[in-house]
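Structure assessment
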Amino acid sequence: MARSISRLTSYTLRMWTLTNNHVFYDIGSLYNASVVVYDPYKASVVTTIEFANITRTVPFHIGGVAWDPYASRKHSTTKPADEITILVDAAQAHETAGHDVSGDNYIIRWDASAQTLLWAVNLTAVTRGRYGGPQDIEHDEQGNIYVLGTYPGTLLRVAGDGSAVTEWYVPTPPPSTTPGGGTIDHEVIGYTGLAAVDGSTLLVSDARNRSADGGALYRFDMSAAKGEPIPVPIAYPTTTSPSSTVIRPGDAIYLPPKYDNEVLLITEHDAGVSVLRSRARGTGAGGQGDKWRSAEFLGRISNPPSVAASGGLVTAAVEIAGSVFMVEEWFTDPLVPGMSAGNRTSFPLVDITAQLDALIKPR
């Protein structure tokens, strides 16, 4: 079943805020460069958050939007904090597959209860045009924010108050004595999505430059001073063809809460969603940290043919009231002249709950 969100241009549905015990979903309206607040119970848009000199302004996009589950720890008041982190990115990196990584990229911190801007920081002051393509964000229990970049695969760590941005993981460039050495190759398609298993464990998907052998999954320890990618071995079935049983990361990854962070959805644009499961489950003797040291491939849920035929690509997945949906995006829609977005008015959320349950339950 597909549910439709109207009056949006292109978007990525990421996380929620909680106001007066009512759950709202914050949606990055990609090409409009705004944030839409959506009420899933009324299937309607509540409000739109806009930013001067960003919203409807070329070249800016807003895709990554995430509610911070640890925000209340920073405040002395007993009232829960309701804060979201918003990623503003320069479009050209994504439009040129990393050939052009120029332009400014920002992190914005927003108080969803007071509807006020808390702070903003320019990430380009640190990256200095050496790499780019930021497109997703996560939080740790220490209050830090992690920004994933795709070209060629980087992670920045931003202090919870925006006071500092550090290069937490940036690949080492080849020696300057080799051809092209001394510079980071930002034309490589690398990291595509990230998801926090808990307050200190981060999963990251890697497209591996669209390798025929498929992508990869890494685990990072967010309590470390610097990020170190630790491969997560994936066990694939031997009964089907290799081409159908390797992950091909294209965009966001997601841990649906209903499966206790033991199931990972990897969105793959036209192909649909690949489903992985941690081979260590529950707390066990090793505690929560045993999860995602290795994984098994359960299968792939295809993008519906009717949606794919119209140009829809799966860019994210989200759980709403116990159901799990694919989020579809149309990147090839023509822009309205003089605007930064197209004129599409309906974006289906494709319900994959039954297919997902069928893959998971046999164990």
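Heads up: these notes are all about the structure in this document. Bear in mind the structure is a predicted one, so any value in this text is a computation, not a measurement.

**Concerning the overall build of the protein**
Counting its regular elements, the protein contains 4 helices and 25 strands. Burial analysis of the protein (363 residues in total) assigns 55% to the buried set. The contacts in the protein between residues at least 6 apart in sequence include a share of 52% that link residues at least 24 apart. Accessible area for the protein stands at about 15,300 Å²; split by element, carbon and sulfur atoms hold 53% of it.

**Comments concerning the packing of aromatic side chains**
As enumerated under the stated definition, the model contains 10 aromatic pairs in all. Site record: aromatic cluster; members linked through ring pairs are Tyr-146, Trp-168, Tyr-169, Tyr-191, Tyr-218 and Phe-220.

**Describing the pattern of salt bridges**
In the structure shown here, the tally under the stated rule is 10 salt bridges. Between Arg-130 and Glu-167 there is a salt bridge, and its shortest N-O distance comes to 2.3 Å. With a gap of 37 residues between them, Arg-130 in the loop between α2 (124-127) and β10 (132-139) and Glu-167 in strand β13 (residues 165-169) connect regions that are remote in the sequence. Note that Glu-296 is salt-bridged to Arg-277, the shortest N-O span being 3.1 Å. Linking Glu-296 in strand β22 (residues 295-302) with Arg-277 in strand β21 (residues 272-278), this pair joins segments that are 19 residues apart in sequence. Note on Arg-277: relative accessible area 4%, which makes it buried.

**Overview of the sheet that holds strand β11 (residues 145-151)**
A sheet is described by the order of its strands in space; here 4 strands give the open sequence β10-β11-β12-β13, paired in antiparallel fashion. Each having just a single partner strand, β10 and β13 make up the two edges of the open sheet. With direction set aside, neighbouring strand axes in the sheet form an average angle of 30°. Across 4 bridges, strand β12 (residues 154-158) lies against β13 in antiparallel orientation. By the bridge assignment for β13, Leu-156 is matched with Glu-167.

**Comments concerning the pairing of strand β24 (residues 323-329)**
Of all 7 residues that make up β24, 7 are buried, and the element is covered over most of its length. Along β24, one buried face is formed by Ser-323, Phe-325, Val-327 and Glu-329 and the opposite face, lined by Val-324, Met-326 and Glu-328, is buried too. As judged from the 7 bridges shared by strand β23 (residues 313-320) and β24, these two strands associate in the antiparallel manner. What sits directly across from Leu-313, in β24, is Glu-329. The antiparallel hairpin formed by β23 and β24 contains 2 residues in its connecting segment, where Ala-321 sits at a positive phi of about 50°.

**A few points about unusual backbone geometry**
In this structure, the amide linkage connecting Val-58 to the following residue, Pro-59, adopts the cis form with an omega of 10°. Position of Pro-59 among the secondary structure elements: in the loop between β5 (44-49) and β6 (60-67). Residues Tyr-151 and Pro-152 are joined by a peptide bond in cis, for which omega reads 10°. Within the fold, Pro-152 resides in the loop between β11 and β12. Look at His-269: it is not a glycine, yet its phi comes out positive at around 55°. Along the polypeptide, His-269 turns up in the loop between β20 (263-267) and β21. Exposure remark for His-269: the relative accessible area of 18% places this residue in the buried category.

**Points about the side chain of Thr-201**
As for its placement among the helices and strands, Thr-201 is situated in strand β15 (residues 201-206). Thr-201 gets classed as buried once you look at its relative accessible area, which sits at 7%. Apart from the residues within four sequence positions on either side, Thr-201 is in contact with Ala-195, Ala-196, Arg-219, Phe-220 and Met-222.

**Details of the layout of surface pockets**
Estimated volume of the largest pocket: approximately 530 Å³. Taken together, 25 residues form the lining of the largest pocket, with His-94, Gln-135, Asp-251, His-269 and Phe-331 sitting closest to its centre. At the level of secondary structure, the elements contributing two or more residues to the lining of the largest pocket comprise β2 (11-19), β6, α1 (92-95), β10, β11 and β23. Counting residues per element, the lining of the largest pocket draws most heavily on β6, at 3 residues. For the lining of the largest pocket, the per-class residue count stands at 7 nonpolar, 11 polar and 7 charged.

**What about helix α4 (residues 353-360)?**
Given 3.6 residues to a turn, an α-helix orients residues that are three or four positions apart in the same direction. Within the sequence span of α4, burial applies to Thr-353, Leu-356, Asp-357 and Ile-360. Buried residues along α4 cover an arc of 100° about the axis, so they all sit on one side. In α4, those exposed residues whose orientation departs by more than 90 degrees from the buried face are Ala-354 and Ala-358. Where the residues of α4 are buried, they touch β20, β21, β22, β24 and β25 (346-351).

Parameters at a glance
Residues numbered from 1 in each chain as written. Predicted model: local features only at pLDDT ≥ 70, side-chain atom pairs only at ≥ 80, totals over all residues. Heavy atoms only, no water. Helix = DSSP H or I, 4+ residues; strand = E, 2+ residues; numbered from the N terminus. Buried < 20%, exposed > 50% of the residue type's maximum accessible area, 1.4 Å probe, protein only. Contact = heavy atoms within 4.5 Å. Areas by Shrake-Rupley, 256 points an atom, 1.4 Å probe, with all protein chains shown as cover. Phe/Tyr/Trp six-rings, centres within 6.5 Å; stacked < 30°, edge-to-face > 60°. Salt bridge = Lys/Arg side-chain N within 4 Å of Asp/Glu carboxyl O. Pairing = 2+ DSSP bridges. Axes fitted to C-alpha atoms, helices over the stretch in contact; angles between N-to-C directions. 1 Å grid on protein atoms, 1.4 Å probe; cavity = no way out; pocket = protein on both sides within 12 Å on 5 of 7 lines; lining within 4 Å. Points joined across faces, edges and corners; volume = space filled by probe spheres on them. Nonpolar A, V, L, I, M, F, W, Y, C, P; charged D, E, K, R; others polar. Arc of directions from axis to C-beta.

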